[in-house]
Amino acid sequence: MRQTRRARRTAAALACTATLALIAAGCAGTSGGGGGQGSTGTKAKPVTITFWHGWSAPNELAAINANISAFEKLHPNIKVKAVSNVTDDKINQALRAGGDNAPDVVSSFTTNNVGSFCNSHEWVDLNPLLKKSGIDKDKTFSKAMLDYTSYNGDQCSLPLLGDAYGLYYNTDEFKAAGITAPPKTWSQFEQDAVKLTKSEGAGYRQLGFMPLYHGYETTTEHYAAQYQPTWFTADGKSAIASSPAFADSLKEQKTLVDKLGGYQKLSKYRSSFGDEFSAKNPFETGQVAMAMDGEWRVSMIKADGSKVHYATAPLPVPDNQVSQYGIGYQTGTIAGIAATSHKQAAAWEFLKYLTTDTDALVSFANAISNVPSTYAALKSPKLEKNAQFQTFLNVAANPGSNTTPSEPNGDSFIVTYQNLGYAYESGKVSNLQAALKKTAGQIDSDLAQAR
């Protein structure tokens with residue numbers, strides 16, 4: 001699973017989802033399998049809800065279908081009709097159209113769309129439902145996960161498994177270079193990356209680390225997370241020009257680019273890399289000795305039959321923040337209830353099961369090699385893990401781990417910041433602070449229109 005990060009609701013849906021009290025009263029009629037917004041079905045008249053999700057691989061489908069079957073055994077009056085391999089565009093079209101064919105429960109891999117889902121009220125605010133069910137979200141989910149599943153106080157989605165980022169390193173190459181432990185700070189990381197780099201002619205026989213922002217997971221926001229950034233001020237303005245995290249992380253990346261051979265040389269070497277999600281991934285082939293990546297790589301290395309000997313660790317932190325070592329960037333799958341659904345009570349029972357039942361989350365995480373999304377699931381003895389995977393569980397549980405916030409125009413502000421990163425690493429930008437101020441102004445202008 002990887003995540004990257006729409007907008008009208010009918011008058012009937014607005015009236016029916018304004019409060020939990022209306023949901024419990026069943027203000028809308030029934031459709032399909034019967035049962036209203038306040039109904040979870042009866043033995044004589046069970047309710048059928050539709051669940052749209054994006055999983056499509058055989059192991060993923062088997063895992064989600066197993067959870068559906070387990071839920072139906074616990075709730076014999078609720079039947080779940082699952083529709084797989086659904087994109088956000090299809091979800092948005094269906095929610096705008098409404099009707100009997102629209103989904104009741106929806107999930108998405110695109111956390112960057114949460115702001116628009118919440119702001120448009122296409123997905124139901126789950127805060128009243130969580131409260132009624134006695135679920136303390138702050139004690140159930142990490143702050144980072146709550147940040148990427150809500151917008152402006154509207155908890156319109158919940159996390160359904162997650163991703164955490166860390167460092168993969170080649171233990172054979174570390175030993176050959178005389179490096180005895182993974183780097184904890186960026187200055188240590190720079191030294192190790194240089195030691196691990198083996199030039200060959202005008203290129204490389206091996207590169208210590210690929211720092212470029214187009215280098216798969218080495219994105220601007222993943223670097224910035226290690227500096228504990230503040231993306232927006234209290235009044236909603238972009239903070240990338242005022243929060244030191246952004247200038248510092250951009251400068252660190254540029255330092256790595258320069259020390260490892262320069263933008264042009266690195267870019268040429270990057271063009272020789274195979275697909276990120278294949279056995280030709282450069283870390284698996286030995287083309288790079290260290291990589292910034294997510295927890296899913298552990299199972300992929302095994303499945304690909306890679307012969308690389310490796311270990312994992314948290315990503316480095318700034319030298320003056322070494323006490324924060326262990327943090328990382330988080331994201332994940334989100335799930336919610338369609339505001340157009342006429343069966344929201346039954347939909348909530350299913351969504352609650354998927355996102356808060358420990359055994360359901362652990363079995364799903366084990367099947368698709370993702371990080372569980374509740375504190376309880378992270379601690380479950382049933383969770384399959386090894387030393388390499390444990391790193392990402394620790395990152396997910398670390399209170400300092402963070403994410404990019406949700407905004408109503410999706411990932412527009414992230415893309416704008418990324419474009420600055422591309423320009424800076426390639427030498428097209430020399431006055432970084434001026435460029436940060438200009439970029440912040442563009443983000444503010446774009447958000448003013450969206451808000």
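Residues numbered from 1 in each chain as written. Predicted model: local features only at pLDDT ≥ 70, side-chain atom pairs only at ≥ 80, totals over all residues. Heavy atoms only, no water.

A. Up close: the overall build of the protein. The number of helices and strands found in the protein is 21 helices and nine strands. Taken over the C-alpha trace, the protein has a radius of gyration of 23 Å; the compact-globule value for 451 residues is 22 Å, and the two agree within 12%. The C-alpha extent of the protein, read off along each of the three principal axes, is 75 × 45 × 35 Å. Residue burial in the protein is summarised as follows: out of 451 residues, 57% are buried. Of the accessible surface of the protein, which amounts to about 18,000 Å², a share of 50% is contributed by carbon and sulfur atoms. Separation of charge centres in the protein, based on 42 positive and 40 negative side chains, amounts to 2 Å. (Helix = DSSP H or I, 4+ residues; strand = E, 2+ residues; numbered from the N terminus. Rg over C-alpha atoms; globule rule 2.2 N^0.38 Å. Buried < 20%, exposed > 50% of the residue type's maximum accessible area, 1.4 Å probe, protein only. Areas by Shrake-Rupley, 256 points an atom, 1.4 Å probe, with all protein chains shown as cover. Lys, Arg positive; Asp, Glu negative; His and termini not counted. Charge placed at Lys NZ, Arg CZ, Asp CG, Glu CD.)

B. Structural context of the layout of surface pockets. Put simply, the largest pocket is a space of about 560 Å³. Here the lining of the largest pocket gets three residues from one element, more than from any other, and that element is helix α8 (residues 143-148). Its residues assigned to classes, the lining of the largest pocket comprises seven nonpolar, 14 polar and seven charged. (1 Å grid on protein atoms, 1.4 Å probe; cavity = no way out; pocket = protein on both sides within 12 Å on 5 of 7 lines; lining within 4 Å. Points joined across faces, edges and corners; volume = space filled by probe spheres on them. Nonpolar A, V, L, I, M, F, W, Y, C, P; charged D, E, K, R; others polar.)

C. Main features of the packing of helix α12 (residues 244-259) against helix α20 (residues 412-425). Contact geometry of α12 with α20 gives a least axis separation of 10 Å together with a crossing angle of 35 degrees. The crossing of α12 and α20 is right-handed. Between α12 and α20, the residues in contact are F246, S249, L250, K251, Q253, K254 and V257 and Y417, L420, G421, Y424 and E425, respectively. Taken together, the residues that form the contact of α12 with α20 break down as six nonpolar, three polar and three charged. (Axes fitted to C-alpha atoms, helices over the stretch in contact; angles between N-to-C directions. Left-handed = near helix turned anticlockwise from the far one by under 90°. Contact = heavy atoms within 4.5 Å.)

D. Representation of the state of the cysteines in the model. With the rule as written, the count across this model stands at one disulfide. Two residues share a disulfide in this structure: C118 and C156, whose sulfurs sit 2.1 Å from each other. Because the sign of the S-S torsion sets the handedness, a value of about -85 degrees for the bond joining C118 and C156 places this disulfide among the left-handed ones. Placement of C118 in helix α5 (residues 114-120) and of C156 in the loop between α8 and β4 (158-170) is noted, with a sequence separation of 38 residues between them. As far as burial versus exposure is concerned, C118 and C156 are alike and both buried. (Disulfide = S-S within 2.5 Å.)

E. A look at unusual backbone geometry. In this structure, N85 is a non-glycine residue whose phi angle is positive, near 55 degrees. Structurally, the position occupied by N85 is in the loop between β2 (78-83) and α4 (88-97). Taking relative accessible area as the criterion, N85 reaches 47% and is therefore assigned partly exposed. The residue S369 is not glycine, and still its phi comes out positive at about 60 degrees. One can find S369 in the loop between α17 (358-368) and α18 (375-378).

F. Looking closely at empty space enclosed by the protein. There is about 140 Å³ of room inside the largest cavity. Secondary structure elements with two or more residues in the lining of the largest cavity: α14 (282-285) and β7 (288-294). The greatest single-element share of the lining of the largest cavity, amounting to five residues, is contributed by β7. Class assignment for the residues of the lining of the largest cavity results in ten nonpolar, three polar and three charged. Volume-wise, the second largest cavity comes out at about 40 Å³.

G. A look at helix α10 (residues 186-195). Here α10 has its buried residues at W186, F189, E190, D192 and A193. Elements that come into contact with the buried residues of α10 comprise β4, β6 (203-209), α11 (220-225), α12 and β7.

H. Structural detail: the packing of aromatic side chains. One pass over the full model with this rule turns up 26 aromatic pairs. Note on F71 and Y353: the rings are 5.6 Å apart at their centroids and 50 degrees apart in plane angle, and the pair reads as tilted. Separated by 282 residues along the polypeptide, F71 in helix α3 (residues 58-74) and Y353 in helix α16 (residues 344-356) bring together distant segments of the chain. The pair F71 / Y353 is uniform in exposure class, with both members buried. (Phe/Tyr/Trp six-rings, centres within 6.5 Å; stacked < 30°, edge-to-face > 60°.)

Remember, this is a structural readout, not a statement about activity or role.
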